[in-house]
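# Examining the three-dimensional arrangement
One-letter residues, chain by chain:
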Amino acid sequence: MTHILIVEARFYDAIADAEVAGAVAVLDAAGATHERITVPGALEIPGAIALAEATGRFDGYVALGCVIRGETFHFEVVAGESARGIMALTLDGMAIGNGILTVENEAQAWARARASEKDKGGEAAKAALAMVALRGSLG
């Protein structure tokens, strides 16, 4: 049975909850088991996944969080570096679905987080499951 770790950044709690709901629904429907850990923000997600991978307990990962543009360059740093960190892990063979939202405003975040709209949490879970399956099929 596929065992997935959901790693969620809690900087925007309500948006994170909506994303997690979408991811959990997809994982449950697929018959995958899952655990969930939280980190403060999106920059901590790649590190948390790397620590979890070292345990050997998980087949794949769902990265969830939200970065909303502000008035400073911080948005670009957080959005770019969290994506770069996740990409580096995937190139090392980890199966990760990236559901970190990078948006201009809270309205865009909600449109992407809600399961009734774009359901990016659910999409990230589907991506993680697809990558686990692909890795399995390649031996």
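What follows is about the overall build of the chain. Across its full length, the chain holds five helices and four strands. Helices and strands in the chain line up, N terminus first, as β-α-β-α-β-α-β-α-α. If you line up the chain on its principal axes, its C-alpha atoms span 45 × 30 × 20 Å. Within the span of the chain, comprising 139 residues, buried residues form 44% of the whole.

With that settled, the discussion passes to the sheet that holds strand 4 (residues 96-103). Strand order in the open sheet formed by four strands is 2-1-3-4, and the pairing between neighbours is parallel. At either margin of the open sheet sits one strand with a lone partner, and together these are strand 2 (33-39) and strand 4. Adjacent strand axes in the sheet meet at a mean angle of 15°, parallel and antiparallel pairs treated alike. In this sheet, strand 4 lies alongside strand 3 (residues 60-68) in parallel orientation, the contact comprising eight bridges. Of the residues in strand 4, the one forming a bridge with Val 67 is Thr 102. The sheet contacts of helix 2 (residues 45-53) involve strand 1 (3-9), strand 2, strand 3 and strand 4, and relative to strand 3 the element is tilted by about 165°.

This next bit is on the environment of Leu 129. As for its position among the elements, Leu 129 is in helix 5 (residues 120-137). When the C-alpha atoms of Leu 129 and Arg 69 are compared, they prove to be 30 Å apart, with 60 residues separating the residues in sequence. If sequence neighbours within four positions are ignored, Leu 129 has contacts with Thr 2, Ile 4, Val 26, Leu 27, Ala 30 and Ala 32.

Over its 18 residues, helix 5 extends 25 Å from the first C-alpha to the last, a length consistent with the 26 Å expected when each residue adds 1.5 Å. Along helix 5, the positions that sit buried rather than exposed are Gly 121, Gly 122, Ala 124, Ala 125, Ala 128, Leu 129 and Val 132. When helix 5 is viewed along its axis, its buried side chains cluster within an angular range of 165° and face the same direction. Considering only its buried residues, helix 5 is in contact with strand 1, helix 1 (13-30), strand 3 and strand 4. Phi turns positive, to about 85°, at Gly 139, one or two residues after helix 5.

So, on to the packing of helix 1 against helix 5. For the pair helix 1 and helix 5, interaxial distance at closest approach is 6 Å and the crossing angle is 40°. One element, helix 1, and the other, helix 5, form an angle in the oblique class. The handedness of the crossing between helix 1 and helix 5 is right-handed. Residues Glu 19, Gly 22, Ala 23, Val 26, Leu 27 and Ala 30 of helix 1 lie in contact with helix 5, whose contacting residues are Lys 120, Gly 121, Gly 122, Ala 125, Lys 126 and Leu 129. The class makeup of the residues in the contact of helix 1 with helix 5 is six nonpolar, three polar and three charged.

Cut-offs and rules
Residues numbered from 1 in each chain as written. Predicted model: local features only at pLDDT ≥ 70, side-chain atom pairs only at ≥ 80, totals over all residues. Heavy atoms only, no water. Helix = DSSP H or I, 4+ residues; strand = E, 2+ residues; numbered from the N terminus. Buried < 20%, exposed > 50% of the residue type's maximum accessible area, 1.4 Å probe, protein only. Pairing = 2+ DSSP bridges. Axes fitted to C-alpha atoms, helices over the stretch in contact; angles between N-to-C directions. Contact = heavy atoms within 4.5 Å. Expected span 1.5 Å × (residues − 1). Arc of directions from axis to C-beta. Parallel < 35°, antiparallel > 145°, perpendicular 65-115°, else oblique. Left-handed = near helix turned anticlockwise from the far one by under 90°. Nonpolar A, V, L, I, M, F, W, Y, C, P; charged D, E, K, R; others polar.

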